[in-house]
Amino acid sequence: MSEALAGLHRPYRVASIRLENAATRTLVLDRSLAADPGQFVMAWLPDVGEKPFSLAGADPVCLTVAAVGPFSRALHTLAVGDRIWLRGPLGRGFAPPSPAGHALLVGGGYGVAPLRFLAERLLAAGWHVSAIVGARRAADLLLVEALAALGVRLWLTTEDGSVGLRGLATDAFDAALTAAPEARTTVFACGPVGMLAAVAALCRTRGLPVQLAWEAHMRCAVGLCGSCEVGAGWLTCLDGPVFPCDPTVALPMG
Amino acid sequence: MHDRTKAPLACDFLHLRLRSPLVLASGIIGTSPTLLARAARSGAGMVTAKSCGPTPRAGHPNPVALDWGGGLINAIGLTNPGAEHEAALLAEAKRLLEPLGVPLVASIFAGTVAEFGQVAAVVAQAQPDLIEVNISCPNVGDEFGTPFAGLPESAAAVTDAVRRALASLPQPPPVSVKLAPNVPDIARIARAVAEAGADAITAVNTMPGMVIDAEAARPVLANRVGGISGPALKPVALRAVYEIAQAVDLPIIGTGGVLTGVDAAEMLMAGATVVGVGSAVWYRGVEAFAQINAELQQFMAAQGYGSVAELRGLALPPAARERRCAHV
Ligand SMILES: Cc1cc2nc3c(=O)[nH]c(=O)nc-3n(C[C@H](O)[C@H](O)[C@H](O)COP(=O)(O)OP(=O)(O)OC[C@H]3O[C@@H](n4cnc5c(N)ncnc54)[C@H](O)[C@@H]3O)c2cc1C
Ligand SMILES: Cc1cc2nc3c(=O)[nH]c(=O)nc-3n(C[C@H](O)[C@H](O)[C@H](O)COP(=O)(O)O)c2cc1C
């Protein structure tokens, strides 16, 4: 029965709110969900709308939301005790291979949100975890303290050079790999599509396995409407959002 | 006999030879040539594109669909790029499908009888193997009034307009008219479109419904009402196909709630010539076609059926069964 109900929205209440930076806050909800990092939920506010959000935590459920438009701003108006409806978890999340090795996480913008959740899971499974966190300016960096507190080795990049390396997240790639505590590195990335494509290209030339959390315009989120197609026939909601390579250039259909 | 055991799922539909009786239903991943090709590669014997109308439509805002437990409900709102652009997509889809040996069905809708003819003429430029006329979408009622599938007269008028619009073409594609389940007497509608010149019938579209979230005290879909598909629709679809199969001698694309090979067998037994598959893509992934093919083949082998044709109409009353076997 719970299986059959997986597609219905269920109401949660906001248990607490963490301010992450000027434009981003994390809604900590009142219950948990069995889910993998990289999976997403469709968040519904009646009379407002419904949009996809990565799980930034599952126990309890957390959503890290950047206020960039009408729906995300509506999520920012929620107060402790208010309700939010979620359907999910949906899609395929990150799937760390075994045995555990070195994980290099690459996050840009609010893409860092699921990476903290992923770091917690990886560390619990015995992985060494490093992370590159990139943003436009120092003020836009996200979850840096949270990742540091977990014991993740951090590289920061900002486009204006206000903190860390001046440049893009990919510019710290080789430094992070060189400092890796062991040779077997798997790269996990989440962020803007341009960043993901660049990470995929770097991993291809260096022969590293990679898992990329992709984004697309999502409507039905049950694999039927076709609006989240990426590349040659991939459905971000069903086949992704985590892909084992850049779905726009690779993954030819068998 | 030898051929049959090698390819027991191969079957005929109108002038087409299909490698499987499974047909990708309209509106399910049929939005691009690459997705249509993916369904074909997964094992669909024929694929139907998303319905297109005269001009581009964005569709309804979210939520547009969800799995409510007994099936799906959707109100996508006929999102489409308009007939001109769709014709280009269909031409590209045909190019991808040809090497796979999988025929392409174009699907059209419109707001007026005359517009149906115009849209048909535009998509016909892409030379689809069949044009499906969607007179039964439940999700755009506010704009277009009662779906054309509601009355024999309007269903026949649309069929006639499409036939006329295609008649001047050197090789007009055959036309299937897609019926709604929510009518008092679907056999009457089927007879009306048959008399108006339909070559086939697709049955059924989704059943109008609503899902309310009690805590929110709101319908969940932004459009409030939507169309029910998946498991909840199967008994409704079986009955509709059963009625149509006795009313007309046209081939039927039996559609609604087919998730497994045995479901597909039941649809054929109700009188379907081939079997539409839509919501199964949510329940089983795009690989659903391969799985349903394998299960159908397994069922046929276990029960001693040598071909898809042998299953057709088996659940009909004896007289109708014989007539159906002779004709379709
Ligand atoms: C699988 C998936 C996971 C997602 N996870 C998250 C998440 O964890 N946190 C989150 O905040 N959002 C996430 N999103 C994005 C989210 O679904 C919405 O698109 C976003 O909240 C904007 O919606 P809106 O209605 O507020 O603004 P819109 O009107 O849709 O967008 C306003 C403008 O901002 C741009 N934009 C959209 N998203 C962003 C962004 N994050 N940063 C900068 N500009 C943006 C749009 O292109 C547009 O120009 C995810 C999307 C997908 C597909
Ligand atoms: C998300 C979705 C979109 C649909 N869009 C269309 C459409 O554009 N045109 C159409 O004729 N039918 C459309 N349908 C109806 C299906 O083609 C099919 O008739 C119905 O879903 C029943 O089959 P199923 O139970 O196998 O899904 C849609 C159904 C769904 C679930």
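Residues numbered from 1 in each chain as written. Chains lettered and ligands numbered in written order. Predicted model: local features only at pLDDT ≥ 70, side-chain atom pairs only at ≥ 80, totals over all residues. Heavy atoms only, no water.

What follows deals with the domain arrangement of chain A. Residues and elements named next belong to chain A. Here the domain parsing of chain A yields domain 1 (3-90) and domain 2 (102-216). Centre-to-centre separation of domain 1 and domain 2, based on C-alpha positions: 23 Å. Summing the contributions of domain 1 and of domain 2, the shared interface buries around 1100 Å²; its carbon and sulfur component is 61%. In this assembly, domain 1 and domain 2 are joined by one salt bridge. (Domains from an automatic or database assignment. Buried area = accessible area lost by both parts, 1.4 Å probe. Salt bridge = Lys/Arg side-chain N within 4 Å of Asp/Glu carboxyl O.)

Attention now moves to the interface of chain A and chain B. Each partner contributes residues to the interface: chain A has 35 residues there, and chain B has 36 residues. Regarding the contact of chain A and chain B, the summed buried area is about 2700 Å², with carbon and sulfur atoms giving 58% of it. When the buried surface of chain A facing chain B is broken down by residue, A:W44, A:R219 and A:L224 rank first, second and third, together holding 25% of it. There are three salt bridges connecting chain A and chain B. Among the salt bridges present, the one from B:E215 reaches A:R83, with a minimum N-O distance of 3.0 Å. Taken together, chain A and chain B are joined by 15 residue pairs in polar contact (both at pLDDT 80 or more). Only strand 3 (40-45), strand 4 (49-54), strand 7 (83-90) and strand 15 (234-235) of chain A provide two or more residues apiece to the side of chain A that touches chain B. Of all the elements, strand 7 of chain A adds the most residues to the side of chain A that touches chain B, at four residues. (Contact = heavy atoms within 4.5 Å. Polar contact = N/O pair within 3.5 Å; in protein donor to acceptor, adjacent residues only side chain to side chain. Helix = DSSP H or I, 4+ residues; strand = E, 2+ residues; numbered from the N terminus.)

A word on the environment of B:S42. Positionally, B:S42 belongs in helix 2 (residues 33-42). B:S42 has contacts with B:V286, B:E287, B:A288, B:F289 and B:A290, leaving out every residue within four places of it along the chain.

Residues B:V47, B:I108, B:I135 and B:L179 are the most contacted members of the largest nonpolar core, which totals 117 residues. Excluding anything up to four places from it in sequence, B:V47 contacts B:L24, B:L36, B:A39, B:A40, B:L97, B:V102, B:P103, B:L104 and B:V105. Counting residues in hydrophobic clusters, the runner-up holds 24 residues, among them A:L104, A:A189, A:C203 and A:L212. (Core = buried A, V, L, I, M, F, W, Y, C linked by side-chain atoms within 4.5 Å. Buried < 20%, exposed > 50% of the residue type's maximum accessible area, 1.4 Å probe, protein only.)

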